[in-house]
Amino acid sequence: MQGRLSGRVAVVTGAASGIGLATVRRFADEGARVVCVDVDVEAGTRAAAEVGGEFVATDVADEPAVRELFDGVVARHGRIDVAFNNAGISPPEDDSILTTGLEAWERVLRVNTTSVYLCCKYVIPHMRRQGRGSIINTASFVALMGAATSQIAYTASKGGVLALTRELGVQFAREGVRVNALCPGPVATPLLRELFAADPERAARRLVHVPMGRFGEPSEIAAAVAFLASDDSSFMTASQFVVDGGITGAYVTPV
């Protein structure tokens, strides 16, 4: 049986690890030709080789590089059907607004939000010419909630992704280009493990708020991305697709 993405060309940023890597694998299983994008050349090359895809080393916060990325994919493959704009950072120096410096704030916003702006800016013209395409931007459940254990720049950056996604989803809806935001809950990725290894108390404090009692797995998030990429979600655009173990719906969690 053919996969839902059979014959389609999918670009995944942040493809070398975590949710990006799990999505690369899921897209390939669904039949897509996958273009893996990352700044980590070794891990990105390995991810592409695993699924018989292509690796393109790109700093997605660099405008000329992003333009070249999407123009190059179309030149080599003829089209872009799916863009999963997933690259992001969450550095330890991003904490309370009282302690987070301007340099950290600007770096997180550039990588997490400006990169999504750039990727959308340069992939949408190609999708408009095709008359169809699905863009999935990685936001976060933190764009929907407040936290006393703050990562102020990360939270703000994901809120920006959410607002940008809504705007684009509405603007291009009648041209066949769908734009949706993925809002994962806490996921057991290398990024999260690194963050919480330095502060186990913070990890425990957050975990208690997840009704399912565990962090998500990257493969579970990848399944949601595959749905948004496929025609199964053909009537969805400008939406926030929450996959969070129930955290945004909880008032009191089970004992």
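All figures in this text were calculated on a predicted structure; none of them were measured in a lab. (Residues numbered from 1 in each chain as written. Predicted model: local features only at pLDDT ≥ 70, side-chain atom pairs only at ≥ 80, totals over all residues. Heavy atoms only, no water.)

1. Digging into the environment of valine 108
Using the following cut-off: Strands here are runs of E lasting at least two residues and helices are runs of H or I lasting at least four, both read from the DSSP assignment and numbered beginning at the N terminus. Working rule for contacts: check all heavy atoms of both residues, and any pair within 4.5 Å makes them a contact.
The topology assignment puts valine 108 in helix 4 (residues 102-130). As a C-alpha pair, valine 108 and alanine 47 span 61 residues in sequence and 25 Å in three-dimensional space. Here valine 108 is in contact with Ile89, Pro91, Asp94, Thr113, Ala153, Tyr154 and Ser157, once residues within four sequence places are set aside.

2. Examining helix 4
Put simply, the rule reads: An expected span of 1.5 Å times one less than the residue number is assigned to each helix. To get the bend at any residue, fit one axis to the seven residues that end at it and another to the seven that begin at it, then take the angle between the two axes.
Along its 29 residues, helix 4 runs 41 Å from first to last C-alpha, staying within 8% of the 42 Å computed at 1.5 Å per residue. At arginine 110, helix 4 shows its strongest bend, of approximately 35°.

3. A few points about the environment of isoleucine 135
Note the cut-off: The cut-offs for exposure are 20% and 50% of the maximum accessible area for each residue type, with area from a 1.4 Å probe on protein chains only; residues under the lower value are buried, those over the upper are exposed, and the others partly exposed.
Along the chain, isoleucine 135 turns up in strand 5 (residues 133-138). Residue classification places isoleucine 135 among the buried positions, given a relative accessible area of 0%. Here the alpha-carbon distance between isoleucine 135 and isoleucine 124, two residues eleven residues apart in the chain, equals 8.6 Å. Setting aside residues no more than four positions away along its own chain, isoleucine 135 makes contact with Ala83, Asn85, Cys120, Val123, Ile124, Met127, Val177, Arg178, Val179 and Asn180.

4. Description of the sheet that holds strand 2 (residues 33-38)
What counts here: Whether two strands pair depends on DSSP finding at least two bridges between them. To define axes, lines are fitted to C-alpha atoms, for helices over the stretch in contact only, and angles between the resulting N-to-C directions are given on a 0 to 180 degree scale.
Pairing is parallel in the open sheet, where seven strands are placed in the order 3-2-1-4-5-6-7. Sheet topology places strand 3 (54-57) and strand 7 (240-243) at the edges, where each strand pairs with a single neighbour. Pairs of neighbouring strands in the sheet enclose a mean axial angle of 20°, with direction left out of account. Sheet topology note: the strand 6 (residues 177-184)/strand 7 ladder contains four bridges and is parallel. Pairing of leucine 182 across the sheet is with phenylalanine 241, part of strand 7. Here helix 4 sits on the sheet and contacts strand 1 (9-13), strand 4 (82-85), strand 5 and strand 6; the angle it forms with strand 5, its principal contact strand, is near 175°. Relative to the sheet, helix 8 (residues 218-229) contacts strand 4, strand 5, strand 6 and strand 7, its axis offset from that of strand 6 by approximately 165°.

5. Focus: the nonpolar core
Worth spelling out the cut-off: Definition used in this section: a nonpolar core is a set of buried Ala, Val, Leu, Ile, Met, Phe, Trp, Tyr and Cys residues joined via side-chain atoms within 4.5 Å.
Core analysis: the biggest nonpolar cluster contains 32 residues, and Phe70, Val123 and Ile135 have the highest contact counts within it. Counting residues per element, the ones that place at least two in this core are strand 1, strand 2, helix 3 (63-77), helix 4, helix 5 (152-171) and strand 6. Counting residues per element, this core draws most heavily on helix 4, at eight residues. In this structure, Ala15, Val24, Ile221 and Ala226 belong to the second largest nonpolar core, which totals 25 residues.

These results come straight from atomic positions and should not be treated as a statement about function.
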